[in-house]
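The lines below spell out each chain.
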Amino acid sequence: MTNHQEEVNERQAISHRNEEIEWHQVEHVPGERICIRVKGEDTDGAYAILDLVKDSSYGPPYGPPIHIHQRTDEIFRIIEGKARFHLDGKEFDAEAGDIVVVPKGTTHTFANFDSDTPLYMQITFTPAGDELAFQECVGKSIDEIIEMSRTKYQVIFTGSPLEK
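If you're wondering where the values come from, they're calculated on a predicted model, not measured in any experiment.

Undergrad: What should I look at first to understand the layout of surface pockets in this one?
TA: Unoccupied space between atoms shows up once a probe the size of one water molecule is rolled over them. Computed from the structure, the largest pocket encloses a volume of approximately 180 Å³. Lining the largest pocket, in full, are His16, Glu20, Ile21, Glu22, His24, Cys35, Ile36, Arg37, Val38, Lys39, Asp42 and Gln135. Looking at which element gives the most residues to the lining of the largest pocket, the answer is strand β2 (residues 32-38), with four residues. Residue classes in the lining of the largest pocket are distributed as four nonpolar, three polar and five charged.

Undergrad: Looking at this structure, how should I read the sheet that holds β2?
TA: Note: strands within a sheet are paired through backbone hydrogen bonds, in either parallel or antiparallel orientation. The six strands are arranged β1-β2-β3-β10-β5-β8 in an open sheet whose pairing can be described as antiparallel. Each edge of the open sheet carries a strand with a single partner, namely β1 (24-25) and β8 (99-102). One ladder, built from six bridges, connects β2 with strand β3 (residues 48-54); its direction is antiparallel. For Ile34, the partnering residue across the bridge sits in β3 and is Leu52.

Undergrad: Would you explain the packing of aromatic side chains in this entry?
TA: Each aromatic ring pair is specified by the distance between its two centres and by the angle formed by the two planes. Considering all chains together, one arrives at four aromatic pairs under this definition. Relative to Phe110, the ring of Phe85 lies with its centre 6.1 Å away and its plane at 50°, an arrangement referred to as tilted. Of this pair, Phe85 sits in strand β6 (residues 82-87) while Phe110 is found in strand β9 (residues 108-111), placing the two residues 25 residues apart along the sequence. For Phe85, a relative accessible area of 0% puts it in the buried group. Linked through ring pairs, Phe76, Phe85, Phe92 and Phe110 together constitute an aromatic cluster.

Undergrad: Explanation requested: the side chain of Asp130 in the structure shown.
TA: Inspection of the secondary structure puts Asp130 in the loop between β10 (119-126) and α1 (132-136). A polar contact of 2.8 Å, which involves the side chain of Asp130, links it to the side chain of Thr72. Ignoring any residue separated from it by four or fewer positions in sequence, one finds Asp130 in contact with His69, Arg71, Thr72, Phe125, Tyr153 and Val155.

Undergrad: Looking at this structure, how should I read the environment of Phe76?
TA: Residue position: Phe76 is located in strand β5 (residues 73-80). When the C-alpha atoms of Phe76 and Ala94 are compared, they prove to be 9.6 Å apart, with 18 residues separating the residues in sequence. Residues in contact with Phe76, not counting those within four places in the same chain, are Phe85, Asp98, Ile99, Val100, Val102, His108, Phe110, Met121, Gln122 and Ile123.

Undergrad: Looking at this model, I keep getting lost on unusual backbone geometry. Mind explaining?
TA: Most peptide bonds adopt trans geometry, and most residues besides glycine take a negative phi value. In this structure, Pro127 follows Thr126 across a cis peptide bond, with omega equal to -5°. Unusually for a residue other than glycine, Asp88 sits at a positive phi of about 50°. Along the polypeptide, Asp88 turns up in the loop between β6 and β7 (90-95). Overall, the relative accessible area of 54% leaves Asp88 in the exposed class. Positive phi, close to 55°, is recorded for Gln154, a residue that is not glycine. Structurally, the position occupied by Gln154 is in the loop between α2 (142-152) and β11 (155-157).

Basis of the calculations
- Residues numbered from 1 in each chain as written.
- Predicted model: local features only at pLDDT ≥ 70, side-chain atom pairs only at ≥ 80, totals over all residues.
- Heavy atoms only, no water.
- 1 Å grid on protein atoms, 1.4 Å probe; cavity = no way out; pocket = protein on both sides within 12 Å on 5 of 7 lines; lining within 4 Å.
- Points joined across faces, edges and corners; volume = space filled by probe spheres on them.
- Helix = DSSP H or I, 4+ residues; strand = E, 2+ residues; numbered from the N terminus.
- Nonpolar A, V, L, I, M, F, W, Y, C, P; charged D, E, K, R; others polar.
- Pairing = 2+ DSSP bridges.
- Phe/Tyr/Trp six-rings, centres within 6.5 Å; stacked < 30°, edge-to-face > 60°.
- Buried < 20%, exposed > 50% of the residue type's maximum accessible area, 1.4 Å probe, protein only.
- Polar contact = N/O pair within 3.5 Å; in protein donor to acceptor, adjacent residues only side chain to side chain.
- Contact = heavy atoms within 4.5 Å.

Structure (structure tokens):
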């Protein structure tokens, strides 16, 4: 009989102060900024949390094109404002306090059509990984982003952004 010890990755408590967070402009969606609050590396890949602000007064109101995450669930929590969601072919509005859960394999997107109020959301990816795509998009063309998303992150774009 052989003794096998399973290596256990123990997660640590995480605390990130708001003033330490670094915001990044999302180049392919004007008026959209993100910051990664909890990285996948902090959670052994279990999940990642990011904040997103979409201010339609600084660019078009649309968000990302309709897409599917093939390996991650995505959970949206609306902090401020109102988001128009497209989820599996249906559209609806989500407001502050609402949560939208998008299981992997589900077509979805969102937009902020209220030019007077910025949209502030918290997004959780489980498992982690897709949050890294936001950082990797910097300086890339739309065609490069689409290819990278498909091959590296298993995110497939299936339609255009929402229109008002």
